[in-house]
Amino acid sequence: MSMSSSSSSSSETRKKKTPKKKKGVQRIDKVLADRGVGTRSQTFEIAKAKRITMASHPDAPHEERTRIKGPKEKVPPDAALFLDGNLLPSAAPLLLVYHKPKFVLSVMEDDKKYKDQERKHLGQVLSARYKRCGMHPVGRLDYDTTGLILFSLEGKLTQRLLHPKRGVEKEYVATVQGKADEEKLKQMLSDGVETTDGTFSAQLLEVTPSDGPASAPADDEMLWDEESSTEDRAQMDYSGEHSDVRLIVTEGKYRMVRRILANCGHPVVELRRERHGKVTLGDLAVGEFRDLKDEELEWAESLLK
C-alpha cells in the first residue's frame, strides 16, 4: 500500500470517530419535568412549542436569553430557565435529608382502607413541588422508628442506595431492654442472628448505659400489623434497666434491627437511624429537612458513575 493511500485511510478513520457527548447536560423536557413543570409528555409539548428560554443566570435580561429550539435540545440541569418569560424554580436536589418523627408512615400515601384513621405519612411533609418532580423516600423506617430518611430524585440512585450488593451502611442507635454485654453481643451480631427471614449480621460499634426511652407511647399511637403484633406487644416493657446499642447494618429487611436484637435477648424499645452511607443526621431537628453537604453530594453522585 502506498504512503498516500495509508494516509488517506487514517484520515477517513479519524473522520468516522463519534463526537464526544457533552458532559453534564440533559434533554430539556427531562430537566423541566425534574423541576416539577409537568409530566414528561407535557414538558415535551412545552419545549416543542419553543416556550422555553435559557440564560447563564436568573437575572439575565431578555436579550441575553437563548430560545430552546425543541424537546431534544440538551441543557445543563442547573441552567436558569424561563417559561413564557417567567423564571422557573431551580433544579430539585438529587437527595434531601429528613428527620422522621415517631409514628409517621414511610409512604407517600396511606392505603385507602386506612383513610378514616388519618395516619401521618411522608406525603404530607414533602412539598408539592418536589412531589411533582418525582422525589420519593429511599426505603422505609418503621412507623415507630425515628431518624434519617432520604428523599431521592433518581430511581437509579435509590436502587443503588438500597441494594444489599452495594453494601451501603446504615447506622442505628437502639435503646434495648437489659444490660447488654458488649463483647458477647458483638460476637453474636458478627456471627449472624437467625430470624424468620434468614440469618443477618451486624457490626456493633458500642454499648452504653441508657436511661431508657423518653416516654412510653399510648397504645393507640402504635401501629400493629399481623406480622409483628404478637411479638412486639410482648416486648413492650419500658421498666427496668436499659442499654443504648450503636450498630451498623447493610440490609434493610422489615424490622430487621429490632428482630436481631430481640433474638440476642435485648428487645428494642426505641430506635433511631443516624446515618445512611456518608449522609449523617447530625443535629437536624425532628421534622426538619436539609440539603446535602458538599462531601455528601459528591458521594451520592459517585454512586451513579
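This is a predicted model, so every value here is computed, not measured.

## Structural notes on the layout of surface pockets
Item 1. In this structure, the second largest pocket occupies an estimated 750 Å³ of space.
Item 2. What lines the second largest pocket is a set of 29 residues, and nearest its centre among them are Gln26, Pro77, Ala92, Leu94 and Glu301.
Item 3. Those elements giving two or more residues to the lining of the second largest pocket turn out to be helix H2 (28–34), strand S5 (80–83) and helix H9 (294–302).
Item 4. No other element matches the 3 residues that H2 contributes to the lining of the second largest pocket.
Item 5. Broken down by class, the residue content of the lining of the second largest pocket amounts to 18 nonpolar, 2 polar and 9 charged.

## Points about the confidence of the model for the protein
Item 1. Per-residue confidence for the protein gives a mean pLDDT of 88; residues scoring 70 or more make up 85%.
Item 2. Of the regions scoring below 50 in pLDDT, residues 224–234 engages in 14 contacts with residues more than four places distant in sequence or in other chains.

## Overview of the sheet that holds strand S3 (residues 66–67)
Item 1. With respect to topology, 4 strands assemble into an open sheet ordered S3-S2-S5-S6, the strand pairing being antiparallel. Looking at the sheet topology across the chains shown, the edges are occupied by S3 and strand S6 (86–87).
Item 2. Of the pairings in the sheet, the one linking S5 to S6 comprises 2 bridges and is antiparallel in character. When the bridges of S6 are listed, Leu83 appears paired with Asn86.

## Structural notes on the environment of Thr250
Item 1. Of note, Thr250 is situated in the loop between strand S14 (242–249) and helix H8 (256–262).
Item 2. You can call Thr250 partly exposed: its relative accessible area is 32%.
Item 3. In this structure Thr250 touches Pro164, Gly167, Val168, Glu169 and Lys170, once residues within four positions along its chain are discounted.

## Points about the packing of aromatic side chains
Item 1. Enumeration according to the criterion identifies 4 aromatic pairs in this entry.
Item 2. Here Phe103 and Tyr143 contribute two aromatic rings whose centre-to-centre distance is 5.6 Å and whose plane-to-plane angle is 55°, an arrangement assigned as tilted. Of the two residues, Phe103 sits in the loop between strand S7 (95–100) and helix H4 (128–132) while Tyr143 sits in the loop between strand S8 (136–137) and strand S9 (146–152), which places them 40 residues apart along the sequence.
Item 3. With relative accessibility at 13%, the residue Phe103 sits in the buried group.
Item 4. Tyr143 sits in the buried class, given a relative accessible area of 15%.
Item 5. With a centroid separation of 5.8 Å and an interplanar angle of 50°, the aromatic rings of Phe151 and Phe289 are classed as tilted. Of this pair, Phe151 sits in strand S9 while Phe289 sits in strand S17 (residues 289–291); the two residues are 138 residues apart in sequence, bridging distant segments of the chain.
Item 6. The rings of Tyr98, Phe151 and Phe289 are connected pair by pair, giving a single aromatic cluster.
Item 7. The positively charged end of Arg65 is found above the aromatic ring belonging to Phe82, 3.7 Å away from the centroid.
Item 8. Between the NZ or CZ atom of Arg119 and the centre of the ring of Tyr114, over which it lies, the distance is 4.0 Å.

## Focus: the nonpolar core
Item 1. Counting 34 residues, the largest nonpolar core has Phe151, Leu185, Leu189, Val245, Leu247, Ile260 and Leu261 as its most contacted members.
Item 2. Those elements that place two or more of their residues in this core are S7, S9, strand S10 (170–177), helix H6 (182–191), strand S13 (203–210), S14, H8 and strand S15 (268–276).
Item 3. Looking at which element gives the most residues to this core, the answer is H8, with 4 residues.
Item 4. In contact with Ile260, other than residues within four places in its own chain, are Leu189, Val193, Thr195, Phe200, Ala202 and Leu247.
Item 5. Residues Val138, Leu150, Ala300 and Leu303 belong to the second largest nonpolar core, which totals 16 residues.

## With respect to the environment of Leu87
Item 1. Within the secondary structure, Leu87 is located in strand S6.
Item 2. Sequence-wise, Leu87 and Met54 are 33 residues apart; in three dimensions their C-alpha atoms are separated by 9.4 Å.
Item 3. If near-sequence neighbours (up to four positions away) are discounted, Leu87 is found in contact with Pro58, Leu81 and Phe82.

## Quick look at helix H5 (residues 155–162)
Along an α-helix, a turn takes 3.6 residues, which lines up residues three or four apart on a common side.
Item 1. Taken together, the buried positions of H5 are occupied by Leu157, Thr158, Arg160 and Leu161. Down the axis, H5 shows its buried residues gathered within 165° of arc, on one side only.
Item 2. Residues of H5 that are buried sit in contact with S7, S8, S9, S10, S15 and H9.

## Concerning the pairing of S5
Item 1. Burial along S5 is two-sided: Ala80 and Phe82 facing one way and Leu81 and Leu83 facing the other are all buried.
Item 2. The sheet contact formed by strand S2 (residues 52–55) and S5 spans 4 bridges and is antiparallel. Looking at the pairing, Ala55 lines up with Ala80 of S5.

## A short note on a negative patch on the surface
Item 1. On the surface, a cluster of negative charge is made up of Asp294, Glu295, Glu298 and Glu301.
Item 2. Its location among the elements puts Glu301 in helix H9.
Item 3. Given the relative accessible area of 40%, Glu301 is considered partly exposed.

## Points about the pattern of salt bridges
Item 1. Scanning all chains against the criterion turns up 20 salt bridges.
Item 2. Residues Asp144 and Arg258 are paired through a salt bridge, measuring 3.5 Å at the closest nitrogen-oxygen approach. Here Arg258 lies in helix H8 and Asp144 lies in the loop between S8 and S9, a separation of 114 residues in the sequence.
Item 3. Residue classification places Asp144 among the buried residues on the basis of a relative accessible area of 6%.
Item 4. A salt bridge links Glu296 to Arg290, with the nearest nitrogen and oxygen atoms 2.9 Å apart. Each member of the pair, Glu296 as well as Arg290, carries the same accessibility label: buried.

What counts, and where the lines are drawn
Residues numbered from 1 in each chain as written. Predicted model: local features only at pLDDT ≥ 70, side-chain atom pairs only at ≥ 80, totals over all residues. Heavy atoms only, no water. 1 Å grid on protein atoms, 1.4 Å probe; cavity = no way out; pocket = protein on both sides within 12 Å on 5 of 7 lines; lining within 4 Å. Points joined across faces, edges and corners; volume = space filled by probe spheres on them. Helix = DSSP H or I, 4+ residues; strand = E, 2+ residues; numbered from the N terminus. Nonpolar A, V, L, I, M, F, W, Y, C, P; charged D, E, K, R; others polar. pLDDT = per-residue confidence, 0-100. Contact = heavy atoms within 4.5 Å. Pairing = 2+ DSSP bridges. Buried < 20%, exposed > 50% of the residue type's maximum accessible area, 1.4 Å probe, protein only. Phe/Tyr/Trp six-rings, centres within 6.5 Å; stacked < 30°, edge-to-face > 60°. Lys NZ or Arg CZ within 6 Å of the ring centre and 35° of its normal. Core = buried A, V, L, I, M, F, W, Y, C linked by side-chain atoms within 4.5 Å. Arc of directions from axis to C-beta. Patch = residues over 30% accessible without salt bridge, like charges linked within 9 Å, V, L, I, M, F, W, Y side chains within 5 Å. Areas by Shrake-Rupley, 256 points an atom, 1.4 Å probe, with all protein chains shown as cover. Salt bridge = Lys/Arg side-chain N within 4 Å of Asp/Glu carboxyl O. Lys, Arg positive; Asp, Glu negative; His and termini not counted. Charge placed at Lys NZ, Arg CZ, Asp CG, Glu CD.

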